[in-house]
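# Topology and contacts: notes
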Amino acid sequence: MNILFPYQFNTRGRTAEADEDRHIRDLIEQLLFCSPGERVNRPDFGTGLLQLVFAPNSPELAAATQLMVQGALQQWLGELIRVDDVEVQSVDATLSVTVRYTVRRTEQAHEAKFSKERS
């Protein structure tokens, strides 16, 4: 059973389920916006991207961030997906991440865009 993220109820009042493609997208989102040390028993899970929203922009920081995100995706979701490309942009207080990946089981290419705003 693939539980929908964020947790929701379906029309019958039961736990909402997600199809495989949506479930993988949800896993990517959880990994991207989770800070290391936030998950119990998985201290190195996450990327810490939210800390970079207010960091000074530079080509070097962008390149390092893209490598960090790609490495985390490969480490934690490498059995499910092959990461084709990662783009990270920080504009004002908004962080945007685009991940292009291929689902290993079906060999279908996907693109997922995520955006978080710091308050």
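Residues numbered from 1 in each chain as written. Predicted model: local features only at pLDDT ≥ 70, side-chain atom pairs only at ≥ 80, totals over all residues. Heavy atoms only, no water.

Using the criterion set out here, one finds three aromatic pairs in the structure. Judged by centre distance (6.4 Å) and plane angle (75°), the rings of Phe 33 and Phe 114 are edge-to-face. Of this pair, Phe 33 sits in the loop between helix H1 (20-32) and helix H2 (59-77) while Phe 114 sits in strand E3 (residues 108-117); the two residues are 81 residues apart in sequence, bridging distant segments of the chain. Grouping residues by exposure puts Phe 33 and Phe 114 together as buried. Look at Phe 45 and Trp 76: their rings are 5.2 Å apart centre to centre, the planes differ by 75°, and that puts the pair in the edge-to-face class. Placement of the pair is Phe 45 in the loop between H1 and H2 and Trp 76 in helix H2, with a sequence separation of 31 residues. (Phe/Tyr/Trp six-rings, centres within 6.5 Å; stacked < 30°, edge-to-face > 60°. Helix = DSSP H or I, 4+ residues; strand = E, 2+ residues; numbered from the N terminus. Buried < 20%, exposed > 50% of the residue type's maximum accessible area, 1.4 Å probe, protein only.)

What follows deals with the sheet that holds E3. Taken in spatial order, the three strands of this open sheet run E1-E2-E3, and their pairing is antiparallel. Because the sheet does not close on itself, it has two edges, and the strands there are strand E1 (81-91) and E3. Between one strand axis and the next, the sheet turns through 15° on average, direction left out of account. Pairing geometry for strand E2 (residues 94-103) and E3, over ten bridges, is antiparallel. Within E3, the residue paired with Val 103 across the bridge is Gln 108. Packing of H1 onto the sheet brings it into contact with E1, E2 and E3, and relative to E2 it is tilted by some 135°. Running at roughly 145° to E1, H2 makes contact with E1 and E2 of the sheet. (Pairing = 2+ DSSP bridges. Axes fitted to C-alpha atoms, helices over the stretch in contact; angles between N-to-C directions. Contact = heavy atoms within 4.5 Å.)

Taken together, the side chains of Met 1, Ile 3, Tyr 7 and Phe 9 present a nonpolar region at the surface, about 490 Å² in accessible area. Along the chain, Met 1 turns up in the segment before H1. (Patch = residues over 30% accessible without salt bridge, like charges linked within 9 Å, V, L, I, M, F, W, Y side chains within 5 Å. Areas by Shrake-Rupley, 256 points an atom, 1.4 Å probe, with all protein chains shown as cover. Salt bridge = Lys/Arg side-chain N within 4 Å of Asp/Glu carboxyl O.)

The subject of this paragraph is H1. For H1, spanning 13 residues, the distance from its first C-alpha to its last is 18 Å, which sits close to the expected 18 Å at 1.5 Å a residue. Those residues of H1 that are buried are in contact with H2, E1, E2 and E3. (Expected span 1.5 Å × (residues − 1).)

Ile 28, Leu 32, Leu 73, Val 99 and Tyr 101 are the most contacted members of the largest nonpolar core, which has 23 residues in total. If you tally residues by element for this core, the top one is E2, at five residues. Leaving out residues up to four positions away in the same chain, Val 99 has contacts with Ile 28, Leu 32, Leu 73, Asp 85, His 110, Glu 111, Ala 112 and Phe 114. (Core = buried A, V, L, I, M, F, W, Y, C linked by side-chain atoms within 4.5 Å.)

Looking now at unusual backbone geometry. The step from Phe 5 to Pro 6 runs through a cis peptide bond, and the omega angle for that step is -5°. Among the secondary structure elements, Pro 6 is positioned in the segment before H1. In this model, Asn 41 sits at a positive phi of 65°, which is unusual for a non-glycine residue. Using a relative accessible area of 74% as the deciding quantity, one classes Asn 41 as exposed.

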